[in-house]
Amino acid sequence: MNNVDRQRRRLALPFLALPCVLLGALFVFPFVQSISMSMTDWFGTFQTTNWVGLQNYRDLIADDLFRSAVLNTLLYFGLSLVVLFPMALFIAWALLRTKRSRSFFQLAIFAPAVLSVSVAGVLWKFIYNPNFGIINTVLEAVGLEALTRPWLGDPSTAMLGIVIAVIWHGIATWIILILAGMDRIPTELNEAASLDGASNWQVYTRVTLPLLWPVLSTLLVLWFIQSMQTFAFIYVMTNGGPYGSTEVMATYMYRMAFEGRMFAYGSAMAIVMTIIVLVISLIGSRMLRSDRFDS
Amino acid sequence: MTVSPLHGMTRNVRRHPLVFLALSTHALFNVLCLIWLLSTSLKGSAEIMATSPWAPPETPLWQNYADAWSIGQMGTYLLNSVVVTTISTAAVLILGSLSGYVFARVAFPGRNLLKAVFMAAMMIPPFALVVPLFDALSWASLLNTRTGLILVYVAMQLPLTTFILTSFHQTLPLELEESAAIEGASASQTFRRIVLPLTGPALTACGVVNVLHIWNEFIYALTFVQDDSVYTLAVGIFRLNQLADYSSNWAILFAGMVISVLPVLIVFAFFQRKFSSGIAQGALKF
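Residues numbered from 1 in each chain as written. Chains lettered and ligands numbered in written order. Predicted model: local features only at pLDDT ≥ 70, side-chain atom pairs only at ≥ 80, totals over all residues. Heavy atoms only, no water.

(A) Layout of the overall build of chain A. Along its length, chain A carries 13 helices and 0 strands. At 24 Å, chain A has a C-alpha radius of gyration far larger than the 19 Å of a compact globule built from 295 residues. Here chain A holds 295 residues, and the buried ones make up 57% of them. In chain A, once contacts between residues fewer than 6 apart in sequence are set aside, the share between residues at least 24 apart is 69%. Of the roughly 12700 Å² of accessible surface on chain A, a fraction of 66% belongs to carbon and sulfur atoms. (Helix = DSSP H or I, 4+ residues; strand = E, 2+ residues; numbered from the N terminus. Rg over C-alpha atoms; globule rule 2.2 N^0.38 Å. Buried < 20%, exposed > 50% of the residue type's maximum accessible area, 1.4 Å probe, protein only. Contact = heavy atoms within 4.5 Å. Areas by Shrake-Rupley, 256 points an atom, 1.4 Å probe, with all protein chains shown as cover.)

(B) Structural view of the overall build of chain B. For chain B, the helix and strand inventory stands at 14 helices and 0 strands. Each helix (α) and strand (β) of chain B, taken in turn from the N terminus, gives the series α-α-α-α-α-α-α-α-α-α-α-α-α-α. In terms of its C-alpha atoms, chain B occupies a principal-axis envelope of roughly 75 × 60 × 35 Å. When burial is assessed residue by residue, chain B has 55% of its 286 residues classed as buried. With the model as given, the accessible surface of chain B reaches about 11900 Å², and the carbon-plus-sulfur share is 68%.

(C) Main features of the packing of helix α7 (residues 146-171) of chain B against helix α10 (residues 200-216) of chain B. All names here are of chain B. Closest axis-to-axis distance for the α7/α10 pair is 10 Å, and the angle between their directions is 155 degrees. Between α7 and α10, the interaxial angle falls into the category roughly antiparallel. At the point where α7 passes α10, the crossing takes the right-handed sense. Every residue of α10 that contacts α7 at Tyr-153, Gln-157, Leu-160, Thr-161, Ile-164, Leu-165 and Phe-168 is listed here: Ala-202, Leu-203, Cys-206, Val-209, Asn-210, His-213 and Ile-214. (Axes fitted to C-alpha atoms, helices over the stretch in contact; angles between N-to-C directions. Parallel < 35°, antiparallel > 145°, perpendicular 65-115°, else oblique. Left-handed = near helix turned anticlockwise from the far one by under 90°.)

(D) Here's a closer look at the layout of surface pockets. Residue and element names in this part refer to chain B. Taken as a whole, the largest pocket encloses approximately 400 Å³ of empty space. Among the secondary structure elements, those contributing two or more residues to the lining of the largest pocket are α10, α13 (250-270) and α14 (272-282). The element contributing the most residues to the lining of the largest pocket is α10, with 5 residues. (1 Å grid on protein atoms, 1.4 Å probe; cavity = no way out; pocket = protein on both sides within 12 Å on 5 of 7 lines; lining within 4 Å. Points joined across faces, edges and corners; volume = space filled by probe spheres on them.)

(E) Expanded view of the interface of chain B and chain A. Listed per partner, the contact involves 110 residues of chain B and 108 residues of chain A. The junction of chain B with chain A conceals about 10000 Å² of combined surface from both sides, 75% of it contributed by carbon and sulfur atoms. In this structure, the connection of chain B to chain A is made through 2 salt bridges. Among the salt bridges present, the one from Asp-245 of chain B reaches Lys-125 of chain A, with a minimum N-O distance of 2.9 Å. For the pair chain B and chain A, the number of links is 10 residue pairs in polar contact (both at pLDDT 80 or more). (Buried area = accessible area lost by both parts, 1.4 Å probe. Salt bridge = Lys/Arg side-chain N within 4 Å of Asp/Glu carboxyl O. Polar contact = N/O pair within 3.5 Å; in protein donor to acceptor, adjacent residues only side chain to side chain.)

(F) Representation of a nonpolar patch on the surface. Residues Phe-104, Val-138, Val-142, Leu-144 and Leu-147 of chain A together with Leu-28, Val-31, Leu-32, Ile-35 and Trp-54 of chain B make up a contiguous nonpolar surface patch of about 840 Å² in total accessible area. Among the elements that line the nonpolar patch, the one with the most residues is helix α1 (residues 17-40) of chain B, at 4 residues. Mapped onto the elements, Leu-147 of chain A comes out in the loop between α7 (134-141) and α8 (158-183). A relative accessible area of 41% means that Leu-147 of chain A is categorised as partly exposed. (Patch = residues over 30% accessible without salt bridge, like charges linked within 9 Å, V, L, I, M, F, W, Y side chains within 5 Å.)

(G) Main features of the packing of helix α4 (residues 74-105) of chain B against helix α12 (residues 233-247) of chain B. Residues and elements named next belong to chain B. Where α4 meets α12, the axes come as close as 8 Å, and the angle between the chain directions of the two elements is 155 degrees. In terms of orientation, α4 and α12 fall into the roughly antiparallel class. Listed contacts from α12 to Met-74, Tyr-77, Leu-78 and Ser-81 of α4 are Leu-233, Gly-236, Ile-237 and Leu-240.

(H) Inspection of the environment of Gly-161 of chain A at higher detail. All names here are of chain A. By the element assignment, Gly-161 lies in helix α8. When its relative accessible area of 5% is taken as the criterion, Gly-161 is described as buried. Note: C-alpha distance between Gly-161 and Leu-211 (50 residues apart in sequence) is 33 Å. Once residues lying within four places of it in the same chain are set aside, the contact partners of Gly-161 are Tyr-128, Leu-152 and Met-237.

(I) Inspection of the packing of aromatic side chains at higher detail. On inspection of all chains with the given rule, the structure shows 33 aromatic pairs over all chains. Residues Trp-174 of chain A and Trp-223 of chain A carry aromatic rings whose centres are separated by 5.4 Å and whose planes lie at 85 degrees to one another, so their mutual orientation is edge-to-face. In this pair, Trp-174 of chain A is assigned in helix α8 and Trp-223 of chain A in helix α10 (residues 200-228), connecting sequence segments 49 residues apart. Owing to a relative accessible area of 5%, Trp-223 of chain A belongs among the buried residues under this scheme. Residues Phe-218 of chain B and Phe-238 of chain B carry aromatic rings whose centres are separated by 5.6 Å and whose planes lie at 90 degrees to one another, so their mutual orientation is edge-to-face. Taken as a pair, Phe-218 of chain B in the loop between α10 and α11 (219-224) and Phe-238 of chain B in helix α12 lie far apart in primary sequence, 20 residues in all. You can call Phe-218 of chain B buried: its relative accessible area is 3%. A relative accessible area of 3% means that Phe-238 of chain B is categorised as buried. An aromatic cluster is defined as three or more aromatic residues linked by ring pairs; in this entry it consists of Trp-42, Phe-231, Tyr-235, Tyr-254, Phe-258 and Phe-263 of chain A together with Phe-127, Phe-134, Phe-218, Tyr-220, Phe-224 and Phe-238 of chain B. The lysine or arginine in question, Arg-149 of chain A, covers the ring of Trp-151 of chain A, its NZ or CZ lying 5.4 Å from the ring centre. (Phe/Tyr/Trp six-rings, centres within 6.5 Å; stacked < 30°, edge-to-face > 60°. Lys NZ or Arg CZ within 6 Å of the ring centre and 35° of its normal.)

Interpretation note: all reported values are geometric properties and have no functional meaning in isolation.
Right, dumping it as structure tokens:
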């Protein structure tokens, strides 16, 4: 070990002390606490707390409401997947093909991403408003009165309504990531295909998309992980209603823990969510390792 | 490292009419939303209910903005958001630089274990921590304080920032540090004068990601702050909406939304480039 290394080594302790204390106190310790909490019957401050082992987890399995929350979470994931990825791919493809007005389109399409989630959620609540919202008035204006409805008040459309709002808000991120992925595809390949007489569409489907697949599969995992934790839009827009049709794992957990004061049961749910996320992350990081984004 | 996926692109591509149509529709929708928001914010609550959303306000009620600012407390919420986001981001960047550098450059016993802890922390969803953190903050009397939120946000963002900065530090040439050492600079001087300035681009990208995450954070702010003098914008607008649902006072809510939307849109228009490269970096969160 040379002198420089030895000098540097002395930095380790002072440099890492504060980050480690913070992470330990506000991440590691609470997480361990969360696990142990999930094996008690903790019900709030003034109750005695008993160790109940895996009872909360057994209750979860038997809980119909939790099961429907899991299904709703999967519904949310499925619905958004069907809309989000094709749309993001199309817009990314389109953005590459605009020259003069690209910066305007980028600004207009990406702008929602900087809005706070709750602002975007409240905004969409009003876009769907049956009395003065935009959607219904536009439908009426084009002669489609039959389709108007209280979008978020109708169990059959509420989840779709939320998904559209989420995509409107978040699509910019996915477009940027897809573009970053496209950026790494050697230009020559597209050009060669073009010169050989392939149409835009052929270049896209036969060259770009297959080469993009490793990136897309990573984004897919990322979206799954985010979907499992979806909360803010639902909490703001429908709070799980109408009739539980948009109740997902996170909103159910939050309701149990902070409205029902069932902290232990909520913790058990949080741990289940963590396990799902961790398992998918580990599978995903395998993909990520073979295909790292940048740096 | 990708500088900017959107601007670095030079490609020979053919135009297509569909392209223009699709982008225009999407952009038009967003512009219409903004116009609708602005025009509605200048109407009275009764007028909002009674008239078509596309009708311009009968007489623009600028008073709505004054009311949103004072009665709706948007001024307070905006200030809270700015303070919390600025301090948290600054702290995360400083601490992340330190730990990122050590992880990249210094071999010490237990480094890999510690690194694994940082990595694992990135994968733990906020929900797994919200109950115990609530408990911890209440024990430390930090509920309903900006300090409490800042501490939580710093811890929340530190793993990702450290991770991005570690991989950036690894790309810097070692020779610079070695020659600085030969010239007699101490390790900490080398870090401050040579290494830190070189991490500028990575720090900007991390800054963008951190600002976006913290500005947007909802669950922790909702749970740990129950006092309206400490609300961030995210929670403030949500609570304002809850109030409006009971009182039908839409005017203040719409003006409040404009107040919370316009500043970020203007900032965004200026920093668009940094924004997209920042997001591309932040995708490493995994």
